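# Reading the structure
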Amino acid sequence: MPGGLVSRLLFFGTEEYLYEVKTIKKEIYHIIIPMILENILQISASLVTTAMVGRLLADDISAQGICVRITDTLWVFYKGVAIGATVLIARSYGAGKRDSCRRIMEQALLSELVIVFLFQAILFFRAELFLGFFSKDAEILALSGSYMRIMVFGFPCCVIMTLVTAAFQGYGNTRIPMYIAAAMNGVNIILGYLLIFGAGPFEGLGIRGAAAALVTAQAFGAGLGLYLLYRKEKGLFSDAPRRERFFSFDKKCIYEIYTTGIPAALESMFWQFSAIILSKIILYYGAAAFAAYQLGIQAETITEMPAIGFSTASTTLAARAIGKKDEKLQRIYFRELIRVAAVISVVTSLLLILLPKVFMNIMTNNPELQAIGAVYVFVMGFIQIPQNLSRIYNGTIRALGYKNTPMLVAGFGIWVVRIPLCLLSAYVLHLPITAVWIVIAADQLSRFTLSVFLYRRICRRQDAFAKKLEMG
């Protein structure tokens, strides 16, 4: 067969299809590995910045934390729209419609910038309306207000970066976003140190320096991203001429982007809101339990890094196959992703189950926190496989056109299983904190089960429809 030896045969029903499985695996790894590295870079840079701010006064740390709550909520919206753009760009790319890829990205950018300018104006002039919800301390509010008034200038840059990433990922190129993240994080760390603490005769700006460094890094990343998109010779859109004026709205295109992306944003917002409620529940058991939970999440995150890109990879590859109108290829992508994720998940699961104390020793030297957190890490070890495989199921379901399904699955797990059972365990039955850890695991398992059921149901519908077409 041209193009090399076929590594194995893949069967669908009674028909046999030959695909270059090694090529497909290589394609998957080329997408996932840069995503993992990009995530590691972002987490590392965040830890360094947090450590630098942590050298300031307690009020500075609190002020930054309050602002991060607000900016993270806005970022969830940006990211949700970017997911919608990624799906549509990947479909158009699979169908060979490069001009559509450009139009989708530019329509998403144009519409989001209009919205973000509104956010900018509100938070620049009336930030205290939102900051006051978190604290009544005058000093903290003054610091957080000055921090936020600098941060708002980075909002358009955040939008640009998320959509640049969406464009490259829609094409299956995840290396460029990784390079941009590496360069941006380098700028943030270097400028952060200089602006926070000062150098030579230059006096440090404290928390305002941290904000200025981050906004500068975001502007640098956005500028670099736009350059790599539009440069004449090797830019991503160099072979996709614009067919209409940039400042013209395509209502149909914008509708498709937002109806695909908003459910993804709401799915993440479920996490934001539930995290507040869950934090209050865990604080019922005391500050030590809450601190151990926070550290346990960080320990678990270390093992999640290898699987972090599976959701985007499954969405991108499935959407690309759909664009090619190749249902068999879409299912091959899915099966290969499941195999790879299962192997990685078994390894990470064993690490958490067998070495929970080791992970907690890395995070803290407090024996009480180590003991509580080790139980959390141990329990989470048992749900690594369903948790990671759920990313692939939901990413694929979203690409297949079932935009709201992953959001509803997340809503079911969080609001029907996790929050009610945690409230019951803590406030009604007065069970030990371990019961809360078990409920969190049960939530992940329930969502995985529901995702598998819905995906198989969707596949059966597709098969029945294809069979009906064949029969005429």
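It should be emphasised that the depicted structure is a prediction, and the values quoted were computed from it without experimental measurement.

A separate point is the packing of aromatic side chains. Considering all chains together, one arrives at 18 aromatic pairs under this definition. Seen in terms of ring centroids, F77 and F119 are 6.4 Å apart; in terms of plane orientation they differ by 85°. Their pairing is edge-to-face. With F77 in helix α2 (residues 58–94) and F119 in helix α3 (residues 98–125), this residue pair connects regions lying 42 residues apart in the sequence. The buried category is assigned to F77, whose relative accessible area is 15%. Between the aromatic rings of Y284 and Y285, the centroid separation amounts to 5.4 Å while the plane-to-plane angle is 85°, which identifies the pairing as edge-to-face. Taken together, the ring pairs in this structure connect Y93, Y171, Y230 and F237 into an aromatic cluster.

It is worth spelling out the nonpolar core at this point. The tendency in soluble globular proteins is for nonpolar side chains to be buried side by side. Counting 61 residues, the largest nonpolar core has M105 and M148 as its most contacted members. When contributions to this core are tallied by element, the ones reaching two or more residues are α2, α3, α5 (138–151), α6 (155–170), α7 (175–197), α8 (207–230) and α9 (251–283). The element best represented in this core is α2, accounting for 13 residues. Beyond its immediate sequence surroundings of up to four residues, M148 is in contact with C67, I70, T71, L123, A127 and F155. If you look at the next biggest cluster of nonpolar residues, it comprises 29 residues, including I28, Y393, I397 and V452.

Between its first and last C-alpha atoms α7 spans 33 Å; for 23 residues at 1.5 Å apiece the expected length is 33 Å, and the two agree. When α7 is considered as a whole, its buried residues turn out to be I176, P177, M178, I180, A181, M184, N185, N188, G192, L195 and I196. Of the residues trailing α7, G198 is marked for its positive phi of about 85°.

Bringing the pattern of salt bridges into the picture now. Across all of its chains, the model carries seven salt bridges by this definition. R339 is the partner of E336 in a salt bridge, and the nearest nitrogen-oxygen pair spans 2.8 Å. A residue pair is termed a helical-turn pair when its members lie 3 or 4 positions apart in one helix, as E336 and R339 do in helix α12 (residues 327–354) at three residues. One salt bridge in this structure joins R447 and D443, with 2.7 Å as the shortest N-O distance. In this pair, R447 and D443 are both assigned in helix α17 (residues 433–470), four residues apart and thus about one turn of the helix distant. According to the relative accessible area criterion, R447 is buried, its value standing at 9%. Under the relative-accessibility criterion, D443 is labelled buried at 0%. Look at the salt bridges and you will find they share partners, linking E327, R331 and D463 into a network.

The next subject is the side chain of T405. Along the chain, the position of T405 falls in helix α16 (residues 405–428). Under the relative-accessibility criterion, T405 is labelled buried at 16%. Among all residues touching T405, those that are not within four sequence positions of it are I397 and L454.

Let's shift gears to a positive patch on the surface. Judged by side-chain charge, R456, R457, R460 and R461 come together as a positively charged surface patch. Mapped onto the fold, R456 is located in helix α17.

So, about the confidence of the model for the protein chain. Here the protein chain averages 82 in pLDDT, and 88% of its residues register 70 or above. Here strand β2 (residues 15–17) stands out as the least confident element of the protein chain, with mean pLDDT 42; α16 is the most confident, with 93. Segment residues 1–18 is flagged for pLDDT under 50; beyond a separation of four residues in sequence, or across chains, it makes 29 contacts in the model.

Okay, unusual backbone geometry next. At K325, a position not held by glycine, the phi torsion is positive, near 60°. Turning to its location among the elements, K325 is positioned in the loop between α11 (310–323) and α12. Phi is positive for H430, which is not a glycine, with a value near 55°. In this structure, H430 sits in the loop between α16 and α17. Residue classification places H430 among the exposed residues on the basis of a relative accessible area of 52%.

Conventions adopted
Residue numbering note: each chain is counted from 1, following its sequence as written. With pLDDT at 70 or above as the cut-off, local features in this predicted model cover only qualifying residues; side-chain atom pairs require 80 or more to be listed or tallied, and sums for whole chains, interfaces and linings still use all residues. Water and hydrogen atoms play no part in the side-chain values, which are based on all heavy atoms of the structure. Two aromatic rings, drawn from Phe, Tyr or Trp (for Trp, its six-membered ring), form a pair once their centres lie within 6.5 Å of each other, and the interplanar angle then sorts them: stacked below 30 degrees, edge-to-face above 60, tilted otherwise. Here a strand is any run of E in DSSP of at least two residues, a helix any run of H or I of at least four, and the numbering for each starts at the N terminus. To sort residues, take the accessible area from a 1.4 Å probe on protein chains only and compare it with the maximum for the residue type: under 20% means buried, over 50% means exposed, and anything in between is partly exposed. For our purposes a nonpolar core is just a set of buried Ala, Val, Leu, Ile, Met, Phe, Trp, Tyr and Cys residues, chained together by side-chain atoms within 4.5 Å. Throughout, a contact is declared for two residues whenever any of their heavy atoms are within 4.5 Å. What a helix should span is 1.5 Å times the count of its residues minus one. Salt bridges are identified by distance alone: a Lys or Arg side-chain nitrogen within 4 Å of an Asp or Glu carboxyl oxygen. The residues that make up patches have over 30% relative accessible area and no salt bridge, and they are joined within 9 Å when like-charged or within 5 Å when they are Val, Leu, Ile, Met, Phe, Trp or Tyr. In this description, accessible areas are obtained by the Shrake-Rupley approach with a 1.4 Å probe, and a residue is regarded as covered only by the protein chains that are shown. Residues scored as charged are limited to Lys and Arg (positive) and Asp and Glu (negative), so that His and the chain ends carry no count. The location of each charge is read from NZ of Lys, CZ of Arg, CG of Asp or CD of Glu. Each residue carries a pLDDT score, the predictor's own confidence in it, on a scale running from 0 to 100.

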